[in-house]
Amino acid sequence: MNYGQLGWGKLNRLAQIFRPDSAGNAHTVMLAMDHPYFYGPTTGLEDPRRTITPLVPYADAISPAKGTLEYCLDPLVPTPVILRVTGGNSMTRREELSDEHIITSVEEAVRLNAVGVSVSVYIDTEHQAQTIRSLGKLANECSQCGLLVLGITAVGAKLEPMVKGEGEGSADFDAAKYFAHAGRIIQENGANIVKTYFVDNWEQVRDGIQVPIVIAGGKKIPEREALEFTAQAIAAGAEGVDMGRNIFQSEDPVAMIQAVRSVVHEGRSADDAFVLFNELQGAAG
Ligand code: R5P
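Please read these numbers as outputs of a predicted model, since none were measured by experiment.

Moving on to the pairing of strand 8 (residues 148–153). Among the six residues in strand 8, six count as buried, and that is most of the element. Here strand 8 shows two buried faces, one formed by Leu148, Leu150 and Ile152 and the other by Val149, Gly151 and Thr153. Here strand 7 (residues 116–121) runs beside strand 8; their pairing, made up of six bridges, is parallel. Considered in strand 8, the bridge of serine 120 is made with isoleucine 152. For the handedness criterion, the β-α-β arrangement of strand 7, helix 6 (residues 128–145) and strand 8 is classed as right-handed. Examined bridge by bridge, strand 8 and strand 9 (residues 193–196) share three bridges and lie parallel to one another. Residue pairing for strand 9: leucine 150 is matched across the bridge by isoleucine 193.

Next up on the list: a nonpolar patch on the surface. The grouping of Met1, Tyr3 and Leu11 at the surface amounts to a nonpolar patch, some 220 Å² of accessible area in total. Tracing the sequence through the fold places leucine 11 in helix 1 (residues 8–17).

Once that is clear, we can look at the environment of valine 163. Considering the arrangement of structural elements, one finds valine 163 in helix 7 (residues 156–163). For the pair valine 163 and alanine 65, spaced 98 residues apart in sequence, the C-alpha to C-alpha distance is 25 Å. Valine 163 has contacts with Val155, Phe173 and Phe179, leaving out every residue within four places of it along the chain.

Inspection of the region around the ligand gives 13 residues, with Asp34, His35, Gly218, Gly244 and Arg245 positioned closest. Aspartate 34 places a side-chain nitrogen or oxygen 2.4 Å from an oxygen atom of the ligand. Protein coverage of the free-state accessible area of the ligand, which is 350 Å², stands at 95%. Per-class residue counts for the shell around the ligand are four nonpolar, four polar and five charged.

Each aromatic ring pair is specified by the distance between its two centres and by the angle formed by the two planes. Counted according to the given criterion, the structure contains seven aromatic pairs. Seen from their ring centres, tyrosine 178 and phenylalanine 179 are 5.2 Å apart, and the 75° between their planes marks the pair as edge-to-face. Of the two residues, tyrosine 178 and phenylalanine 179, neither departs from the other in class, the shared state being buried. Consider the rings of phenylalanine 179 and tyrosine 197, whose centres lie 5.7 Å apart with planes at 45°: the pair is tilted. Taken together, the residues span a long stretch of sequence, with phenylalanine 179 in helix 8 (residues 175–188) and tyrosine 197 in the loop between strand 9 and helix 9 (203–207) at a distance of 18 residues. The rings of Phe173, Tyr178, Phe179 and Tyr197 are connected pair by pair, giving a single aromatic cluster.

Bringing the environment of glycine 9 into the picture now. Residue position: glycine 9 is located in helix 1. For glycine 9, a relative accessible area of 24% puts it in the partly exposed group.

What counts, and at which threshold
Residues numbered from 1 in each chain as written. Predicted model: local features only at pLDDT ≥ 70, side-chain atom pairs only at ≥ 80, totals over all residues. Heavy atoms only, no water. Buried < 20%, exposed > 50% of the residue type's maximum accessible area, 1.4 Å probe, protein only. Helix = DSSP H or I, 4+ residues; strand = E, 2+ residues; numbered from the N terminus. Pairing = 2+ DSSP bridges. Right-handed = clockwise from strand over helix to strand, strands pointing away. Patch = residues over 30% accessible without salt bridge, like charges linked within 9 Å, V, L, I, M, F, W, Y side chains within 5 Å. Areas by Shrake-Rupley, 256 points an atom, 1.4 Å probe, with all protein chains shown as cover. Salt bridge = Lys/Arg side-chain N within 4 Å of Asp/Glu carboxyl O. Contact = heavy atoms within 4.5 Å. Near = heavy atom within 4 Å. Polar contact = N/O pair within 3.5 Å; in protein donor to acceptor, adjacent residues only side chain to side chain. Nonpolar A, V, L, I, M, F, W, Y, C, P; charged D, E, K, R; others polar. Phe/Tyr/Trp six-rings, centres within 6.5 Å; stacked < 30°, edge-to-face > 60°.

Written as structure tokens, this is what we have:
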């Protein structure tokens, strides 16, 4: 993993969330649970105390917004927190999704003992400049206190169908080129970790970004398929995942997070991890 020239505080915080395997390669399984900041009570997160609590011991880091953190999660469980600090939008106005601002201060993140903050950046949208400026501001403030910045490549309403290959003109949309472009801008404006999506020709994304990369899970798909793209992403050089719905909306979330861990940390194939998922489900039943 490329740690760059960071100071002791940031390096120590990175080491808390990227855990080395027996060969010394550092990877992470972050559990994404920030969805309610703009989705409301997302399926599986209606009451995170029920669904998330049993998953936290298996996560290398968790990424909630402060409402879930303060009211639903046990402060005595020491899993590192990457706190979602941008928002101000809602799925009820999809056309305004990219209109995000900083809603939680770095001081608040420090008070909540976060190791880092996460910020969405909407490249090629109406609010591109505003979200890049938010990233830059947070990066400067976080550098003062050694907090990490996780920059999220957010696609917004206009680009979402293109990324899924569904929108008009999507056949000509080069997703790898877009995510390489967006991810590098996020790195250059101060992110220490880039969160992006796994797409065809992903090597182009990896090649253009030098900070650690974590892959978002996206919409719930069958467990075998989620394990497959995770394995492909790790093989292509991603340092881990920041996965939400494909874990907490799984038929068996505890089995699924362990299967994901086996791919990310043990290098299991998707087939082997799916066998593990089924065994763990069976064991629990
Ligand atoms: C989106 O902006 C949020 O940051 C989610 O945390 C992110 O999309 C990852 O969650 P999921 O794996 O459910 O896509």
